[in-house]
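# Overview (structure and organization)
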Amino acid sequence: QKEVEQNSGPLSVPEGAIASLNCTYSDRGSQSFFWYRQYSGKSPELIMSIYSNGDKEDGRFTAQLNKASQYVSLLIRDSQPSDSATYLCAVNIRDYKLSFGAGTTVTVRA
Amino acid sequence: DAGITQSPRYKITETGRQVTLMCHQTWSHSYMFWYRQDLGHGLRLIYYSAAADITDKGEVPDGYVVSRSKTENFPLTLESATRSQTSVYFCASRQGFYNSPLHFGNGTRLTVT
């Protein structure tokens, strides 16, 4: 079983719609979770972090965490063409190492 | 400028040659990491370091060597490059607590011919 799994995509959404990205993890002891955005040819950049069960909102982004289900998600509201990128879920597994999912590529159609 | 820098940005080398990828951070972060990114595999951890002179293997360490004599530098050496090591390499750093995010360098695109 992979440590972090994401819905594989690609995900295509119309401009203005909600993009929903999902991630599951295997280590029940994981305590911190991150979403990174990566544009083609660029390095990953942090967009959200979440540590407690529930929702965390930052602008058009909402991260949701459910530790009992070992599930973390990212919602992008009012999707814009500039949101077209690959989104990486990262989980702090142990010893301060982050394990990454394979990523979900999102395309926002104008 | 503060941050994490990698060099070179692009490198082409031949099979069997030794090549070193450099990484330098100015934040004094305790932890530093090397990842490689390949299509279909995502980001995979090669090596990491908790402090100067402390390093440990990640999930794909074979064929790589690291050192960390100073907190700010974490070079990655491919002792005898193979075509399977053609990849994009990212160096990253973070502070030493569980909810600190990882900060990435701009990456090095390595091609082994």
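Residues numbered from 1 in each chain as written. Chains lettered and ligands numbered in written order. Predicted model: local features only at pLDDT ≥ 70, side-chain atom pairs only at ≥ 80, totals over all residues. Heavy atoms only, no water.

All names here are of chain B. Within the secondary structure, serine 67 is located in the loop between β7 (64–66) and β8 (76–78). For serine 67, a relative accessible area of 38% corresponds to the partly exposed category. Among residues more than four places away in sequence, those in contact with serine 67 are Asn73, Phe74 and Pro75. (Helix = DSSP H or I, 4+ residues; strand = E, 2+ residues; numbered from the N terminus. Buried < 20%, exposed > 50% of the residue type's maximum accessible area, 1.4 Å probe, protein only. Contact = heavy atoms within 4.5 Å.)

This part covers the state of the cysteines. Residues and elements named next belong to chain A. If you walk through the whole model with that rule in mind, you get two disulfides over all chains. Disulfide partner of cysteine 23: cysteine 89, at an S-S distance of 2.0 Å. The chirality of the disulfide connecting cysteine 23 with cysteine 89 is left-handed, given an S-S dihedral of about -75°. Of this pair, cysteine 23 sits in strand β3 (residues 19–25) while cysteine 89 sits in strand β9 (residues 85–94), and the two are 66 residues apart along the sequence. You'll find cysteine 23 and cysteine 89 in the same group, each marked buried. (Disulfide = S-S within 2.5 Å.)

Residue and element names in this part refer to chain B. Where burial is concerned, the two faces of strand β1 (residues 4–7) differ: the one with Ile4 and Gln6 is buried and the one with Thr5 and Ser7 is not. The pairing of β1 with strand β3 (residues 19–25) spans four bridges and is classified as antiparallel. Note that in β3 the partner of isoleucine 4 across the bridge is glutamine 25. (Pairing = 2+ DSSP bridges.)

Moving on: the pairing of β9(A). All names here are of chain A. The buried count for β9 comes to nine of ten residues, which makes it a mostly enclosed element. The sheet contact formed by strand β4 (residues 33–38) and β9 spans six bridges and is antiparallel. Bridge pairing links tyrosine 36 to leucine 88 in β9. Direction of pairing for β9 relative to strand β11 (residues 104–109): antiparallel, over a ladder of three bridges. Paired with alanine 85 across the strands is valine 106, a residue of β11. Strand direction decides the pairing type here: β9 and strand β10 (residues 97–100), joined by four bridges, are antiparallel. Bridge pairing in β10 links alanine 90 to phenylalanine 100. The loop that links β9 with its antiparallel partner β10 comprises two residues; one of these, aspartate 95, has a positive phi angle of about 50°.

This part is about the sheet that holds strand β6 (residues 54–58) of chain A. All names here are of chain A. The antiparallel open sheet is built from five strands, whose spatial order is β1-β3-β8-β7-β6. Each edge of the open sheet carries a strand with a single partner, namely β1 (4–6) and β6. Averaged over all pairs of adjacent strands, the angle between their axes in this sheet comes to 20°, without regard to strand direction. Pairing between β3 and strand β8 (residues 71–76): six bridges, direction antiparallel. Paired with threonine 24 across the two strands is tyrosine 71, which belongs to β8. (Axes fitted to C-alpha atoms, helices over the stretch in contact; angles between N-to-C directions.)

By volume, the largest pocket amounts to about 560 Å³. Surrounding the largest pocket, 29 residues form its lining, A:Gln38, B:Gln37, B:Leu39, B:Val88 and B:Arg109 being those nearest its centre. Top element by residues in the lining of the largest pocket is strand β11 (residues 108–112) of chain B. It accounts for four residues. Taken together, the residues of the lining of the largest pocket break down into eight nonpolar, 17 polar and four charged. There is about 450 Å³ of room inside the second largest pocket. Together, 23 residues line the second largest pocket, and A:Lys2, A:Val4, A:Phe100, B:His41 and B:Glu59 are the ones closest to its centre. Those elements that place two or more of their residues in the lining of the second largest pocket are β1, β9 and β10 of chain A together with β5 (42–51) of chain B. (1 Å grid on protein atoms, 1.4 Å probe; cavity = no way out; pocket = protein on both sides within 12 Å on 5 of 7 lines; lining within 4 Å. Points joined across faces, edges and corners; volume = space filled by probe spheres on them. Nonpolar A, V, L, I, M, F, W, Y, C, P; charged D, E, K, R; others polar.)

Within the largest apolar cluster, 24 residues are counted, with the highest numbers of intra-cluster contacts made by A:Trp35, A:Val72, A:Leu74 and A:Tyr87. Put simply, the parts of the chain that give this core at least two residues each are β3, β4, β5 (45–50), β7 (61–66), β8, β9 and β11 of chain A. If we skip the residues at most four places from it in the chain, A:Tyr87 touches A:Gln6, A:Leu21, A:Trp35, A:Tyr36, A:Arg37, A:Ile47, A:Phe61, A:Leu74, A:Ile76, A:Gly103, A:Thr104 and A:Val106. Counting residues in each nonpolar core, the second largest holds 19 residues, with B:Met32, B:Trp34, B:Ile46 and B:Phe74 among its members. (Core = buried A, V, L, I, M, F, W, Y, C linked by side-chain atoms within 4.5 Å.)

The values are spatial; any link to function lies outside them.
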